[in-house]
Amino acid sequence: QSCHRPAGQRASQEPGSRGLPEGVEYIPTRKKGKNPMKPVGVAWYSLYARTRLGYLFYQRQVKKARERYPHGHSVPQPYCFPGIKILPIPVLSNNYSYLVIDTGSSQAAVIDPSDPLAVQAAIEEEGVMLEAIFCTHKHWDHSGGNEALCQKHSSCRVYGSALDAIPQLTNPLADREKVSVGCLTFEALATPGHTVGHMVYVLDGGPFGSPPCLFSGDLLFLAGCGEPFEGSPETMLASLDVAMGLGEDTLLWPGHEYALECLSFASLLELDNSALEQKLQWAVQQRQEKRSTCPSTLGEEQTYNPFLRTHRPELQEALGLWQGRGEDPDAFRARVLKEVRRRKDLYQAT
């Protein structure tokens, strides 16, 4: 399988109100869409995230996806830098796992192994040793393959936040903690909001002459952002700001293939955004050919992702929002983020 070597990549109806325990805000999702969880309320989310029923639902997802997409939902394109290979693995109906390889030692890590059979097939095809699983969060569509892979690879360690009930977790990580796999160095960043223990992982590309690589789980997608199931808009905004502090050349490897839906929604908010229009046209072509749309760069994302443009006057005006006298700038941005989220949840993808 050939590698692509990137070069020069730098850069209204109201929803019903629902109650949750103090400190937890639930944002209802659209009735029709591509989120495989398809939450229909607080009770369903609790069942999915906290009980065995969620695991059984995940198993059904895996079975259906294997039947519908025997070769994966997208055609992945490996990315190679000197000493590093990143292989996106399309799993379930729209998830991505990532196999990250130190080509010098053939040691590897996998991020969010949803389907253990697909991940194991990639490991065997690449002829590498699985040393680490990095889990962004507890949801089964990101952690469901942990147990099977650990049984097959006895030396493999599972990393993630202790705040999330991550299956088979062996090595809880703190914010900013670093882990080495061969010559690769990953840094864990705490990014709560989607879940209380959500983490993203940043691969240091410096020693290899490559940009940093952000494996964002359900924090950030191409032109999109994860649902704040277990956090407030303020919490989610702070987590997005953490990601955006990484630099514009950072490559974004998201947890889902949501590009077309997210770009189509964004285009309804900013009608005169040329960067957004160009990216949407590109994504339409990619998806017509079933090609993956990742990675983008954080620099690109700032030009068209509405969840990262809460500071932009043109987006604020499009939403009909203005900063109140004496209102804290970040509080206003959180208000903008909440309104973008509300509209996205009501958006019906076509």
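Please read all numbers here as calculations on a predicted model, not as lab measurements. (Residues numbered from 1 in each chain as written. Predicted model: local features only at pLDDT ≥ 70, side-chain atom pairs only at ≥ 80, totals over all residues. Heavy atoms only, no water.)

Q: Hey, could you run me through a positive patch on the surface in this one?
A: A cluster of basic residues, Arg60, Lys64, Arg68 and Lys290, forms a positive patch on the protein surface. Turning to its location among the elements, arginine 60 is positioned in helix H2 (residues 52-68). A residue is classified by how much of its surface remains accessible, and arginine 60, at 48% relative accessible area, is partly exposed. (Patch = residues over 30% accessible without salt bridge, like charges linked within 9 Å, V, L, I, M, F, W, Y side chains within 5 Å. Areas by Shrake-Rupley, 256 points an atom, 1.4 Å probe, with all protein chains shown as cover. Salt bridge = Lys/Arg side-chain N within 4 Å of Asp/Glu carboxyl O. Lys, Arg positive; Asp, Glu negative; His and termini not counted. Charge placed at Lys NZ, Arg CZ, Asp CG, Glu CD. Helix = DSSP H or I, 4+ residues; strand = E, 2+ residues; numbered from the N terminus. Buried < 20%, exposed > 50% of the residue type's maximum accessible area, 1.4 Å probe, protein only.)

Q: Sorry if this is basic, but what is going on with the environment of proline 116 here?
A: Following the sequence through the fold, proline 116 ends up in helix H3 (residues 116-126). Separated by 27 residues in the primary sequence, proline 116 and serine 143 have C-alpha atoms spaced 9.6 Å apart.

Q: Explain the side chain of lysine 138 to me, please; I cannot follow it from the model alone.
A: Take lysine 138: it is sitting in the loop between strand E5 (129-134) and helix H4 (140-143). Looking at lysine 138, the relative accessible area reads 10%, which means it is buried. Within the structure, lysine 138 has its side chain in polar contact with the side chain of glutamate 230 (distance 2.9 Å). With residues up to four places along the chain from it excluded, the contact list for lysine 138 reads Tyr45, Ala49, Ser143, Asp164, Ala165, Ile166, Thr195 and Glu230. (Polar contact = N/O pair within 3.5 Å; in protein donor to acceptor, adjacent residues only side chain to side chain. Contact = heavy atoms within 4.5 Å.)

Q: What is the right way to read the packing of helix H1 (residues 42-50) against H2 from this model?
A: A pair of packed helices is captured by two measures, namely the crossing angle of their axes and the spacing between those axes. For the pair H1 and H2, the least separation of the axes is 5 Å and the interaxial angle reads 80 degrees. Between H1 and H2, the angle falls in the class roughly perpendicular. Counted together, Trp44, Leu47 and Tyr48 of H1 and Leu53, Gly54, Phe57 and Gln61 of H2 form the full contact between these two elements. Of the residues in the contact of H1 with H2, the class split is five nonpolar, two polar and no charged. (Axes fitted to C-alpha atoms, helices over the stretch in contact; angles between N-to-C directions. Parallel < 35°, antiparallel > 145°, perpendicular 65-115°, else oblique. Nonpolar A, V, L, I, M, F, W, Y, C, P; charged D, E, K, R; others polar.)

Q: What is the right way to look at a nonpolar patch on the surface in this model?
A: A surface patch of nonpolar side chains, amounting to about 240 Å² of accessible area, comprises Leu47, Leu53 and Leu56. For leucine 56, the position within the fold is in helix H2. Judged by its relative accessible area of 40%, leucine 56 is partly exposed.

Q: Can you help me understand the sheet that holds strand E14 (residues 251-254) in this one?
A: Across the sheet, six strands lie side by side as E8-E9-E10-E11-E14-E15; this open sheet has mixed pairing. Unpaired on one side and paired on the other, strand E8 (178-181) and strand E15 (296-297) mark the two borders of the sheet. Examined bridge by bridge, strand E11 (residues 213-217) and E14 share four bridges and lie parallel to one another. Bridge pairing in E14 places glycine 217 opposite proline 254. (Pairing = 2+ DSSP bridges.)

Q: Would you take a moment to explain the pattern of salt bridges for this structure?
A: Working definition: two side chains of opposite charge can pair if their charged atoms are close together. Counted under the stated rule, the structure contains 18 salt bridges. In this structure, the salt-bridge partner of arginine 341 is glutamate 227, at a minimum N-O distance of 3.7 Å. On the criterion of sequence distance, the pair formed by arginine 341 in helix H11 (residues 329-346) and glutamate 227 in the loop between strand E13 (224-225) and helix H6 (233-244) is long-range, its members being 114 residues apart. Here the two residues arginine 341 and glutamate 227 agree in accessibility, since each one is buried. Glutamate 300 is the partner of lysine 279 in a salt bridge, and the nearest nitrogen-oxygen pair spans 3.1 Å. Placement of the pair is lysine 279 in helix H8 (residues 274-288) and glutamate 300 in helix H9 (residues 298-304), with a sequence separation of 21 residues.

Q: Quick question: what am I supposed to make of H11 here?
A: Since the α-helix turns once every 3.6 residues, residues separated by three or four places project in the same direction. Here H11 contains 18 residues, and its C-alpha end-to-end distance of 26 Å stays within 8% of the 26 Å for a straight helix at 1.5 Å per residue. Of all the residues in H11, the buried ones are Phe332, Arg333, Ala334, Val336, Leu337, Glu339, Val340, Arg341, Arg342, Lys344 and Asp345. Check the buried side of H11 and you find it contacts E13, H6, helix H7 (259-269) and helix H10 (313-319). Regarding H11, its N-cap is aspartate 328, as a side-chain oxygen of that residue lies 2.9 Å from the backbone nitrogen of aspartate 330 further along. (Expected span 1.5 Å × (residues − 1).)

Q: Even after reading the chapter, I still don't get the packing of aromatic side chains, so can you show me in this structure?
A: Any aromatic ring pair is given by two values, namely how distant the centres are and how the planes are angled relative to each other. Applying the stated criterion across every chain, the model contains 17 aromatic pairs. Their ring planes at 85 degrees and their centres at 5.2 Å tell us that tryptophan 44 and phenylalanine 57 sit as a pair that is edge-to-face. On the criterion of sequence distance, the pair formed by tryptophan 44 in helix H1 and phenylalanine 57 in helix H2 is long-range, its members being 13 residues apart. When the ring of tyrosine 58 is compared with that of tryptophan 140, the centres are 6.4 Å apart and the planes differ by 25 degrees; the resulting orientation is stacked. You can see tyrosine 58 sitting in helix H2 and its partner tryptophan 140 sitting in helix H4, a full 82 residues away along the chain. This pair shows no difference in class: tyrosine 58 is buried, exactly as tryptophan 140 is. Above the plane of the ring of tryptophan 282 lies lysine 279, whose end atom (NZ or CZ) is 4.2 Å from the centre. (Phe/Tyr/Trp six-rings, centres within 6.5 Å; stacked < 30°, edge-to-face > 60°. Lys NZ or Arg CZ within 6 Å of the ring centre and 35° of its normal.)

Q: Where do I start with the pairing of strand E10 (residues 199-203) in this structure?
A: One face of the sheet, then the other: side chains in a regular strand alternate in exactly this way. In terms of burial, E10 is a largely internal element, five of the five residues being buried. Taking every second residue as pointing to the same face, both faces of E10 are buried, with Met199, Tyr201 and Leu203 on one and Val200 and Val202 on the other. Sheet topology places E10 next to E11; three bridges connect them, and they run antiparallel. Residue pairing for E11: leucine 203 is matched across the bridge by cysteine 213.

Q: Mind showing me how you'd approach the sheet that holds strand E6 (residues 157-160) here?
A: Pairing between the strands of a sheet comes from backbone hydrogen bonds, and it takes one of two forms, parallel or antiparallel. Spatially, seven strands are ordered E1-E2-E3-E4-E5-E6-E7 in an open sheet, and the strand pairing comes out mixed. Both edges of this open sheet fall to strand E1 (79-81) and strand E7 (171-172), since each of them pairs with a single strand only. In the sheet, strand E2 (residues 84-91) pairs with strand E3 (residues 95-102) via eight bridges, with the strands oriented antiparallel. If you follow proline 88 over to E3, its bridge partner there is tyrosine 98.

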